[in-house]
Amino acid sequence: MPSGGLEPQAIESSDVKQSSSACEAAGFRPTYLPWDPGGDRESAPDEDTDRGDAVLRWEEPSGPGYVALVTHLEPEDFEGQGYPDVAVRGRKGQLVWIGDPGVGELSIRWREGLAECESFSLHLLLVADQADVEEEIGKVAGSL
């Protein structure tokens, strides 16, 4: 899934928003979930906030898996940390394993601006091998 050659998209100063105390949930949603590849899911995501971050979470009905889409209050700074580059919503993101690859949660982090609530992360927990999980998060990210 890593694609070398991705360049950070320029963020104009007009894209910077004013301060807020909590983010609203992202205005976009995945249309693909690994356990529902046809997109026929009937339930809405669980919505929550965590220290100002807005969290949307879809649970795998018959297992421990989930997909979460987080809008971060504080801008994420992940540049230069050695994570593989991936494309998400036309931006350069970073593919980050939380825990050991193939065992823990996989996330993609990206920014769509420099202000609060313009950093996002997509999380996937799925019982599968490392290559399959990386492929599945790529499909979820591609459906945003």
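Our structure's up above, just so we're on the same page.
Given the structure is predicted, the values throughout are model-derived calculations rather than measurements. (Residues numbered from 1 in each chain as written. Predicted model: local features only at pLDDT ≥ 70, side-chain atom pairs only at ≥ 80, totals over all residues. Heavy atoms only, no water.)

(A) Layout of the overall build of the chain. Summing up its helical and strand segments, the chain has one helix and seven strands in all. The order of α-helices and β-strands along the chain, N terminus first, is β-β-β-β-β-β-β-α. Within the chain, the proportion of its 144 residues that are buried is 44%. For the chain, contacts bridging at least 24 residues in sequence account for 56% of all contacts bridging at least 6. If you sum the accessible surface of the chain, you get close to 7700 Å²; carbon and sulfur atoms cover 46% of it. (Helix = DSSP H or I, 4+ residues; strand = E, 2+ residues; numbered from the N terminus. Buried < 20%, exposed > 50% of the residue type's maximum accessible area, 1.4 Å probe, protein only. Contact = heavy atoms within 4.5 Å. Areas by Shrake-Rupley, 256 points an atom, 1.4 Å probe, with all protein chains shown as cover.)

(B) Expanded view of the nonpolar core. Counting residues in each nonpolar core, the largest one holds 24 residues, and the members touching the most others are L69, I108, W110 and L122. Counting residues per element, the ones that place at least two in this core are β2 (53-59), β3 (66-72), β4 (85-88), β5 (91-98), β6 (105-111), β7 (119-125) and α1 (130-142). Ranked by the residues each element gives to this core, the list is headed by α1, at four residues. (Core = buried A, V, L, I, M, F, W, Y, C linked by side-chain atoms within 4.5 Å.)

(C) Summary view of the environment of W58. With respect to the secondary-structure elements, W58 resides in strand β2. Taking C-alpha positions, W58 is 8.4 Å from L33, a pair spaced 25 residues apart along the chain.

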